[in-house]
Amino acid sequence: MALIELRDVKKSYKLDSIEIPVLKGISMIVEKGEVVALVGPSGSGKSTLMNIIGCLDVPTSGEYILDNIPVQNMNRDQIAHIRNKKIGFVFQNFNLIARLTALENVELPMIYAGVGRKERKERAMELLNMVGLSDRSGHYPTQLSGGQQQRVAIARALANNPPIILADEPTGSLDTATGKSIMELLLSLNDKFGTTLIIVTHDPTVASYCRRTVRIKDGLLVE
Amino acid sequence: MSFYDLLWMAMRAFKANRIRSFLTTLGIVIGVSAVIAMLSVGKGASEKIQEQIASIGSNLIIVLPGSTTAGGVRMGLGTQPTLSIGDAQAVARECPSVLRVAPIRAGVAQVVYANMNWATGVVGTTEDYFEMRDWKAVSGRVFSDEDVRSASKVAVLGQTVVDNLFVGEDPVGKVIRIKGMPFTVIGVLERKGQSPTGQDQDDTIIVPVSSAQRFLFGTTFPGQIDRMMVQAIGPQYMEDAQEEVKQAILQRHKQEDFTVRNLTQFLQVQEQSARVMSLLLLSVASVSLIVGGIGIMNIMLVSVAERTKEIGIRMAVGARVWDIRMQFLLEAVILSTLGGFVGIILGVVSSYLMSKAFSWNILLSIPDILIAFSFSFFVGILFGFYPAYKASNLNPVDALRYE
Ligand SMILES: Nc1ncnc2c1ncn2[C@@H]1O[C@H](COP(=O)(O)OP(=O)(O)OP(=O)(O)O)[C@@H](O)[C@H]1O
Ligand SMILES: [Mg+2]
């Protein structure tokens, strides 16, 4: 069953009234429970594609059907709801809110989902425990190492039990050993919960963990 | 997202920027306290003038001898002794718009009781005078029309005179000497305080006009009086009454050697200028409140720009348009209402201090305070909305890319 379906998705940026095409017609299907590595040279449009799949950006043309719902017909709040419930995003630079503690960062998606305070704290604690950071819940992001920050980010991505986790170079700013453990953590989610994973990477060893590899070059897929 | 969560988020934001939040609030504090202080001072001033107008009496016209011009030469009002009791009686008889007339023969006299003496203004008039000025006796009685007819030597005292002649003694029934003539005190008047021109209205003795003419000030022609006070039957009849009085006296004098003046009008003009002044002060104060609001807007815009990335993150994890909007709107409203609250306290305290330091009359009312407070609330909404709107309209990808 197709969870993610892209039909001839194009994205171009306007710079000084010149259209620069970045995605030149991408069609792909990702089934529920798949683990996909998205690889390609720098500037090929991987992040652009991930942002569209993650509903952080909209395509210039083409269709995006997520869980049988065409995303392009939705209003901003409906899209926010999808980001909240269906997608967990893991960024290369972690994107934690510096003013909030690890625990509060993990709570954030649940706040917007309307989860009660007590339940939220409990679940956030559970998640931090799962990523091995139960003793760091009161730390602020600046008091954590890169690997620890990325674990917090993964815990946050999991907060509302989303069926899809999107990770844009999750190990990009980490050393090899830490990167490996983060990859193992992500893959374990697929094993345990059947979470669909799409992981952008430059690293062939990271890609080798994934069952399917999608290559992108100059805004087009080359399987 | 619950209100509690929103509130908690706002508190976290203030904690991160204590000094900035404090300074932003200060703008509103100053604005609100200025509005409160100006309101209380302005209202106090016009209340005081209104009180003074009431103490003079309502719908009053005064007739003075002497015209403004006589044979091309300007004459001082009241310099020519031309008015008489007969004129007053004619006015009372012939003018339909006139309710009461009080002829006045007055002067300054030395008053003695036992070993005390005091120089004060003595007013000789009729019983109508008390009615016109709405002036009652607090002890004893005022004199009657019988006292006037028989020129009895009775006197009604103002409080200041009592204070200066009698020490812990009831003046009623005592005999005082005015210009050496014995007068029996029959009553003491209630306290009226200062007149709008700053005179002590209680420093006076009131006697029957006939007695004043016969025993105290004399007359150069029969029935001479210094002026007369006329009360119209209603505020809308003031002009009619003035014209009727003028015609009635003109018929007797055959020349305009007297002047008719509206006494209340002069005071109302004074009150109006006090109102304009307080309105002016209030608008200056309101401007400072608006400047405070602009300060909030400025800081909120800075705050939105600084937290662009945070907004992107919040959107990426599922914040809806109004979640973001409410977050920033609430911050602005908290800053402004907090400022409003402190501003009210400061405004009340400072108007109290002003009233003490300059002995100004102030008037603070709960509705005014509530209005000032809700004004600060709306300033928060008004000036917080644009930054909040701007924040909610960010595109998540662009916001996340912001460093
Ligand atoms: N906001 C933007 N405005 C203009 N051009 C953009 C914008 N965002 C991305 N691009 C362009 O789109 C192209 C693809 O960018 P993208 O970030 O998707 O590449 P990528 O494959 O993720 O590269 P990398 O591996 O280095 O992260 C680049 O040429 C980039 O310059
Ligand atoms: Mg990229």
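Residues numbered from 1 in each chain as written. Chains lettered and ligands numbered in written order. Predicted model: local features only at pLDDT ≥ 70, side-chain atom pairs only at ≥ 80, totals over all residues. Heavy atoms only, no water.

Participant: Can you help me understand the packing of aromatic side chains in this one?
Facilitator: For any pair of aromatic rings, geometry is given as the distance between the ring centres together with the angle between the planes. All told, the structure shown has 7 aromatic pairs over all chains when counted by the stated rule. On the basis of an interplanar angle of 80 degrees and a centroid distance of 6.2 Å, the ring pair of B:Tyr129 and B:Phe130 is categorised as edge-to-face. For the pair B:Tyr129 and B:Phe130, one class covers both residues: buried. Aromatic pair B:Phe130 and B:Phe143: ring centres 5.1 Å apart, planes at 75 degrees, arrangement edge-to-face. Here B:Phe130, found in helix H4 (residues 128-132), pairs with B:Phe143, found in the loop between strand S6 (137-140) and helix H5 (145-149); they are 13 residues apart in sequence, far enough to count as distant. The class for B:Phe143 is buried, based on a relative accessible area of 2%. By way of ring pairs, the aromatic residues B:Tyr129, B:Phe130 and B:Phe143 are connected into one cluster. Over the face of the ring belonging to B:Trp8 we find A:Lys121, whose NZ or CZ atom lies 5.9 Å from the ring centre. Above the plane of the ring of B:Trp322 lies B:Arg325, whose end atom (NZ or CZ) is 4.9 Å from the centre. (Phe/Tyr/Trp six-rings, centres within 6.5 Å; stacked < 30°, edge-to-face > 60°. Buried < 20%, exposed > 50% of the residue type's maximum accessible area, 1.4 Å probe, protein only. Helix = DSSP H or I, 4+ residues; strand = E, 2+ residues; numbered from the N terminus. Lys NZ or Arg CZ within 6 Å of the ring centre and 35° of its normal.)

Participant: Before we go on, may I ask you to explain unusual backbone geometry in this structure?
Facilitator: Comment: phi is negative for the bulk of residues other than glycine, and the bulk of peptide bonds are trans. One non-glycine residue with positive phi stands out, namely A:Phe94, at about 65 degrees. Structurally, the position occupied by A:Phe94 is in the loop between strand S6 (87-90) and helix H3 (102-113). In this model, B:Asp134 sits at a positive phi of 50 degrees, which is unusual for a non-glycine residue. Along the chain, B:Asp134 turns up in the loop between H4 and S6.

Participant: I would appreciate a short explanation of the side chain of B:Thr337 in the present structure.
Facilitator: All names here are of chain B. Within the secondary structure layout, threonine 337 lies in helix H11 (residues 321-357). Note on threonine 337: relative accessible area 16%, which makes it buried. Polar contacts involving the side chain of threonine 337 include one to the main-chain carbonyl oxygen of valine 333, which spans 2.7 Å. Beyond its immediate chain neighbours, meaning those up to four positions away, threonine 337 contacts Phe373, Ser376 and Phe377. (Polar contact = N/O pair within 3.5 Å; in protein donor to acceptor, adjacent residues only side chain to side chain. Contact = heavy atoms within 4.5 Å.)

Participant: Would you mind going over the sheet that holds strand S1 (residues 2-15) of chain A with me for this structure?
Facilitator: Pairing between sheet strands relies on hydrogen bonds along the backbone, with the strands arranged either parallel or antiparallel. Residues and elements named next belong to chain A. Pairing is antiparallel across the open sheet formed by 4 strands, whose spatial order is S2-S1-S4-S5. Both edges of this open sheet fall to strand S2 (18-31) and strand S5 (69-70), since each of them pairs with a single strand only. The strands touched by helix H1 (residues 46-53) within the sheet are S1, S2 and strand S4 (61-66), with S1 carrying the most contacts at an inclination of about 125 degrees. (Pairing = 2+ DSSP bridges. Axes fitted to C-alpha atoms, helices over the stretch in contact; angles between N-to-C directions.)

Participant: Just checking my understanding: could you explain empty space enclosed by the protein for this structure?
Facilitator: Picture a little ball the size of a water molecule; that probe, rolled over the atoms, points out where space is still empty. For the structure shown, the criterion picks out 2 cavities of 30 Å³ or more. Empty space within the largest cavity amounts to approximately 100 Å³. For the largest cavity, the lining is made up of 14 residues, of which A:Ile87, A:Gly88, A:Arg156, A:Ala157 and B:Val317 are closest to its centre. Only helix H2 (76-85), S6 and helix H5 (146-158) of chain A provide two or more residues apiece to the lining of the largest cavity. No other element matches S6(A), which puts 3 residues into the lining of the largest cavity. Lining the second largest cavity are B:Ala13, B:Phe14, B:Asn17, B:Arg20, B:Ser21, B:Ile299, B:Met300, B:Ser303, B:Arg307, B:Glu331 and B:Leu335. Broken down by secondary-structure element, the contributors of at least two residues to the lining of the second largest cavity are helix H1 (3-16), helix H2 (18-56), helix H9 (263-306) and H11 of chain B. Of all the elements, H9(B) adds the most residues to the lining of the second largest cavity, at 3 residues. Here the lining of the second largest cavity is built from residues that sort into 5 nonpolar, 3 polar and 3 charged. (1 Å grid on protein atoms, 1.4 Å probe; cavity = no way out; pocket = protein on both sides within 12 Å on 5 of 7 lines; lining within 4 Å. Points joined across faces, edges and corners; volume = space filled by probe spheres on them. Nonpolar A, V, L, I, M, F, W, Y, C, P; charged D, E, K, R; others polar.)

Function cannot be read off these values alone, since they describe shape.
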